[in-house]
Amino acid sequence: MTKMTKIASAPALPLNTILAGDCIEVMNGLPEASVDLIFADPPYNLQLRGDLHRPDNSQVDAVDDAWDQFASFEVYDRFTREWLKAARRLLKPNGAIWVIGSYHNIFRVGAALQDSGYWILNDVIWRKANPMPNFRGKRFTNAHETMIWASKEEGAKYTFNYEALKSLNEGIQMRSDWVLPLCTGHERLKDDNGDKAHPTQKPEGLLHRVLVGSTNPGDVVLDPFFGTGTTGAVAKMLGRDYIGIEREESYRKVAEKRLANTRRYDRASLEVTASKRAAPRIPFGQLIERGMLRPGEELFSMNNRHKAKVRADGTLVGDDVKGSIHQVGAALEGAPSCNGWTYWCIKRDGKKVPIDIFRQQIRAEMGDRPN
C-alpha cells in the first residue's frame, strides 16, 4: 500500500495588513518570490551630534529616535545586508526594489545592494522644493535625498511604465531628478499631542510617482519600514495590494487609522497611458478579413495627392507600385519610410476616415475580452 504524504500548503500572503515585529524576521516568514515591488525607507543612521537650534534659538525637532541609532558603521552595514537579503528572497523574478536615503547612508546601502546581487537601474534624486535651511551656516543646505531603483538581478525583467511617467510630466520624458515638496500642512500626520507622528514621513506625491512608474494595478507592494503608512495609503488608492512591516506600535496605530480613511480610486481612473509597443499588433489584412474594408476599395493619402486600391491579401496597388500600406505610401511619396496607418484614409459619406480608426476599434475589442 502506497503511503500518502501530505504536502504542506504555502503560507497565505497577508495582503493589505500591517505586520508587527522586526522586518528581517517577518520577511523571512513570508512566502518566497511573492512580491512585485519593495519600497524601503530604512533608518538613515544620521550620526547627529548635539542639539540643533534655529537662529531664534528654538530647537529643531531632529531625528533622534532609538530606531535610527546604531553603534557603528559595521553594525549598520550588517543590518543593511540582512534586510536586503530577506527582501530579495521575497521578490518575484521580475520584481524590483526602491530604497531611499540621505548622504549618511545611501552610499553604504548602494554598495550592499550590489553585493547582494541586485542590479541598479537608476539613482533618482528627490530635490525638495522646500528644504529645511542649514541653520549653522557651515554646510550647503541639504536639499535632496537619493533613491536607488534596482531589479532583482542583472538581465531581469521589471515594470517600467514609461508612457505613464511621460504623461505625468506633460509629455516630456521623466528625468531622474524629481522636484517635489516635503510632507507639510494637512498631509503631515500628528499624534494625540499635536506633534509630528513620524519625523521622516514621506510625501504621497513621491510614492505616487514611484508606484505609477514601476507597478501595475493588482501588484503586491511591500514596505519593510512602514512608519505611518504612506506606501500603503498610496498603494491602496492606486489599486495595488500592500504589506507593511512596522516595529513601533505608535506608528502602526497612526497607519491603521490613516489606511481606514483611505479610499481606492475607481477602476477607470487607475488606467494609465500604455506604451505603444505594448499595444497588440494588428495586421492591415485583418481589416479586410473583418469586412471593415473591401478588396477593390480605394484608399487616399491624407494629403490628397495619391490613391491606391485594396487587394484581397492586404496589400495595396497604385501607380505601378504594390506592397504593404507602408511600402506603397513610402514609394508614392519618394520617402525612405512611411507609417501607412496615419498616411491612408478612406472616404465614407464624403468624409475622410483614417484607417487607423479601424485598427483602434479592433484593439479596443481585444482589450475588453476577459482574461
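Parameters and conventions
- Residues numbered from 1 in each chain as written.
- Predicted model: local features only at pLDDT ≥ 70, side-chain atom pairs only at ≥ 80, totals over all residues.
- Heavy atoms only, no water.
- UniProt positions renumbered as here; feature names shortened; annotations may be inferred.
- Helix = DSSP H or I, 4+ residues; strand = E, 2+ residues; numbered from the N terminus.
- Buried < 20%, exposed > 50% of the residue type's maximum accessible area, 1.4 Å probe, protein only.
- Contact = heavy atoms within 4.5 Å.
- Areas by Shrake-Rupley, 256 points an atom, 1.4 Å probe, with all protein chains shown as cover.
- Lys, Arg positive; Asp, Glu negative; His and termini not counted.
- Salt bridge = Lys/Arg side-chain N within 4 Å of Asp/Glu carboxyl O.
- Pairing = 2+ DSSP bridges.
- Axes fitted to C-alpha atoms, helices over the stretch in contact; angles between N-to-C directions.

As named in an unreviewed UniProt entry, the protein is Methyltransferase, taken from Roseovarius indicus. The record in UniProt for the protein states the following under Catalytic activity (unreviewed entry): "a 2'-deoxyadenosine in DNA + S-adenosyl-L-methionine = an N(6)-methyl-2'-deoxyadenosine in DNA + S-adenosyl-L-homocysteine + H(+)". UniProt, in the comment section headed Sequence similarities (unreviewed entry), describes the protein in these words: "Belongs to the N(4)/N(6)-methyltransferase family."

### Things to note about the overall build of the protein
Assigned secondary structure in the protein consists of twelve helices and 14 strands. Residues classed as buried in the protein amount to 43% of the 371 residues present. Here the analysis covers contacts within the protein between residues at least 6 apart in sequence; of these, 68% occur between residues at least 24 apart. On the protein, roughly 21,300 Å² of surface is accessible, and the fraction owed to carbon and sulfur atoms is 49%.

### So, the side chain of D223
Along the chain, the position of D223 falls in strand β7 (residues 220-223). Buried charge without a salt bridge: D223, with R258 as the nearest opposite-charge side chain at an N-O distance of 8.9 Å.

### Comments concerning the environment of H144
Mapped onto the secondary structure, H144 falls in strand β5 (residues 144-151). Residues H144 and N130, 14 residues apart in the sequence, show an inter-C-alpha distance of 10.0 Å. The contact partners of H144, leaving out residues within four places of it in the chain, are I125, W126, R127 and K128.

### Thoughts on the sheet that holds strand β11 (residues 316-318)
Strands sit in the order β12-β11-β10-β9-β13-β14 across an open sheet of six strands; the sheet is antiparallel. Looking at which strands have only one partner, the edges of the open sheet turn out to be β12 (321-323) and β14 (351-354). Adjacent strand axes in the sheet meet at a mean angle of 35°, parallel and antiparallel pairs treated alike. Bridge analysis of strand β13 (residues 344-348) against β14 gives four bridges, and the strand direction is antiparallel. Across the sheet, R348 pairs through a bridge with K351, a residue of β14. Docked against the sheet, helix α10 (residues 325-333) engages β10 (307-310), β11, β12 and β13, running at close to 155° with respect to β12.

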